[in-house]
Amino acid sequence: MLIKEKLETFAFSPAETVVVDYLLTAPEALDQLSIQEIAAQTYTQPSSLVRIAKKLHFDGWKSFKKHYLEEWRYLNKHFTRIDPNLPFSSTDSLMTICKKMAVLDKMTIDDIFFLLDHNHLSQAKSLLLKANHIQIFSQNSNLLIAQDFALKMNRIQKNVTLSAVRGEENYDAYNLSLDACAILISYSGENPNLLALNTILRTRNIPTIAITSIGENRLSQECTCFYRLQPVKNSTRKLATLPLIPPSSSY
């Protein structure tokens, strides 16, 4: 989950809510203001800002400020042309809708490339090449997207199977061979079932690759390595699931 979404949905005290409203409406001002200056502008105490950071699981205000500004700059840079949650309106013509969807797909590819980390990508590639079996754990539409990846991997003789999070996934995790590798897909990175599966797999020394968002989340912290997704402005308002794995990927 993005820091912005956490600020919008977490329960804060009245004093903290005043600060949160300021953070959401004027993020660009944070870079130039000290914690004392922000407290003065919101008529609160610096301790309120520290408590907000702690509630969002940061070490302190400086750590929160750094990550929040990085997230804001990324979103501001990459989502200024088309709203990825609702990319078209009821008044758009048929061709306008087609053009907007084409532009959004191009933006998605560019953003996927921008988020690639060489070390994580190289580690994930090594794990997949070394594994005799690859098991994907996820649910709902994410599994539909993963089917295309599994099909392409099977064509190059890499055994990939999918496991839906519907009750039998623990059995699959406990019975995976020790030379396997698992991919766990969760936009929020906080799905309790997937976190439990990751624990089972890591306890059995089976490496796990998480595909999740750029926001702070437990799955990216607890897996072997992770692949970051293009974020959407509001994960509860989006029109559809965005591509998780580039269509041209072989590994």
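This structure is a prediction, so every number in the text was calculated from the model and none was measured.

Rules used in this analysis
Chains are numbered independently. Their residues run from 1 in the order of the written sequence. A pLDDT threshold of at least 70 governs which residues receive local features in this predicted model, and a stricter bar of 80 or more applies before side-chain atom pairs are shown or counted, although totals over entire chains, interfaces and linings include all residues. Remark: hydrogens and water are excluded; side-chain values derive from all non-hydrogen atoms of the structure. Ring pairs shown here join Phe, Tyr and Trp side chains whose ring centres sit within 6.5 Å, with only the six-membered ring taken for Trp; geometry is labelled stacked below 30 degrees between planes, edge-to-face above 60, and tilted in between. Working definition: helices are DSSP H or I runs of at least four residues, strands are E runs of at least two. Numbering for both runs from the N terminus. The buried label applies to any residue whose accessible area, calculated with a 1.4 Å probe on protein chains only, is under 20% of its type's maximum; exposed applies above 50%, and partly exposed to all values in between. Working definition: a disulfide is two cysteine sulfur atoms within 2.5 Å of each other. Note on pairing: DSSP must find at least two bridges between two strands before they are called paired. The angle between two axes is taken between their N-to-C directions and runs from 0 to 180 degrees, where each axis is a line fitted to C-alpha atoms and a helix contributes only its stretch in contact. Between two residues, a contact is recorded if the distance between any of their heavy atoms is within 4.5 Å. For this analysis, a nonpolar core means a set of buried residues of the types Ala, Val, Leu, Ile, Met, Phe, Trp, Tyr and Cys, connected via side-chain atoms within 4.5 Å.

**Digging into the packing of aromatic side chains**
For step 1, the next point in the chain: A complete count under the given rule lists 3 aromatic pairs for this structure.
For step 2, the next point in the chain: Aromatic pair W61 and F64: ring centres 5.2 Å apart, planes at 35°, arrangement tilted. Pair noted here: W61 and F64 are both in helix α5 (residues 61-78), with a separation of 3 residues, about one helical turn. The burial state of W61 is the same as that of F64; both residues are buried.
For step 3, the next point in the chain: Grouping aromatic residues by their ring pairs yields a cluster made of F58, W61, F64 and Y68.

**Things to note about the state of the cysteines**
For step 1, the next point in the chain: Counted by the stated rule, this structure contains 0 disulfides.
For step 2, the next point in the chain: No disulfide involves C223; its nearest neighbouring cysteine sulfur is the one of C225, lying 6.2 Å away.

**Describing the sheet that holds strand β2 (residues 160-164)**
For step 1, the next point in the chain: Spatially, the 5 strands line up as an open sheet ordered β2-β1-β3-β4-β5, and their pairing is parallel. Each edge of the open sheet is held by one strand with a lone partner, namely β2 and β5 (225-229). With direction set aside, neighbouring strand axes in the sheet form an average angle of 20°.
For step 2, the next point in the chain: Helix α8 (residues 141-155) contacts β1 (133-138), β2 and β3 (180-185) of the sheet and is inclined by roughly 165° relative to β2.

**As for the nonpolar core**
For step 1, the next point in the chain: L128, I134, I136, I183 and I209 are the most contacted members of the largest nonpolar core, which has 25 residues in total.
For step 2, the next point in the chain: Of all elements in the fold, only α5, α6 (94-115), α7 (118-130), β1, α8, β3, β4 (208-213) and β5 reach the threshold of two or more residues within this core.
For step 3, the next point in the chain: Looking at this core, the element that brings in the most residues is α8, giving 4 residues.
For step 4, the next point in the chain: Apart from the residues lying within four places of it in its own chain, the contact partners of I209 are A124, L127, L128, C181, A182, I183, L184 and C225.
For step 5, the next point in the chain: One finds Y22, L33, L49 and L56 within the second-largest nonpolar core, a separate group that totals 22 residues.

Keep in mind these numbers describe shape, not what the thing actually does.
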